[in-house]
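A closer look at the structure
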Amino acid sequence: MAIEKVRFGARLTMHEEIQEESKACLLPPLLLQPLMENAVKHGIAGLPEGGDVRLAVQRQNGRLAILVENSWDPEAPPRPIGSLG
């Protein structure tokens, strides 16, 4: 996200809400990176004024809950289907 922050500057605001007891949990490498990049690519990049990406992590009933949310334009035309990434 540091690279995206440099790229988008003031247009990108990042919020993290990470529960202290969830910090001891181990995650597979690169689990969060594509989720965060997609939040920027499919949400913030299409907004001229920019927006927010929120990462919330907490333990619930013995499980780790990870939530990634981003600003988006509900009136934006749909992206073409069948493109390659």
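Scroll up to find the structure this text is about.
Digging into the overall build of the protein
Tallying secondary structure elements over the protein gives two helices and three strands in all. Counting from the amino terminus, helix and strand elements in the protein follow one another as α-β-α-β-β. Taken along its principal axes, the extent of the C-alpha atoms in the protein is 40 × 30 × 25 Å. With 85 residues in all, the protein has 19% of them scored as buried. The contacts in the protein between residues at least 6 apart in sequence include a share of 64% that link residues at least 24 apart. Of the accessible surface of the protein, which amounts to about 6600 Å², a share of 56% is contributed by carbon and sulfur atoms. In the protein, 9 side chains carry a positive charge and 11 a negative one; their mean positions are 5 Å apart.

Quick look at the environment of A45
Relative to the assigned elements, A45 resides in the loop between α2 (32-42) and β2 (51-60). The sequence separation of A45 and F8 amounts to 37 residues, and the corresponding C-alpha distance is 8.2 Å. Once residues within four sequence positions are removed from consideration, A45 is found in contact with F8, R11 and V40.

Here's the deal with the nonpolar core
Counting nine residues, the largest nonpolar core is built from F8, L12, M36, A39, V40, I44, V53, L55 and V57. In this view, A39 contacts I44, V53, V68 and N70; residues no more than four positions away in its chain are not counted.

Re the layout of surface pockets
Of the pockets and cavities examined, the largest pocket occupies roughly 170 Å³. Lining the largest pocket we find H42, G43, G46, L47, W72, D73, A76, P77, P78 and R79. Considering only residue class, the lining of the largest pocket consists of five nonpolar, three polar and two charged.

Criteria and cut-off values
- Residues numbered from 1 in each chain as written.
- Predicted model: local features only at pLDDT ≥ 70, side-chain atom pairs only at ≥ 80, totals over all residues.
- Heavy atoms only, no water.
- Helix = DSSP H or I, 4+ residues; strand = E, 2+ residues; numbered from the N terminus.
- Buried < 20%, exposed > 50% of the residue type's maximum accessible area, 1.4 Å probe, protein only.
- Contact = heavy atoms within 4.5 Å.
- Areas by Shrake-Rupley, 256 points an atom, 1.4 Å probe, with all protein chains shown as cover.
- Lys, Arg positive; Asp, Glu negative; His and termini not counted.
- Charge placed at Lys NZ, Arg CZ, Asp CG, Glu CD.
- Core = buried A, V, L, I, M, F, W, Y, C linked by side-chain atoms within 4.5 Å.
- 1 Å grid on protein atoms, 1.4 Å probe; cavity = no way out; pocket = protein on both sides within 12 Å on 5 of 7 lines; lining within 4 Å.
- Points joined across faces, edges and corners; volume = space filled by probe spheres on them.
- Nonpolar A, V, L, I, M, F, W, Y, C, P; charged D, E, K, R; others polar.

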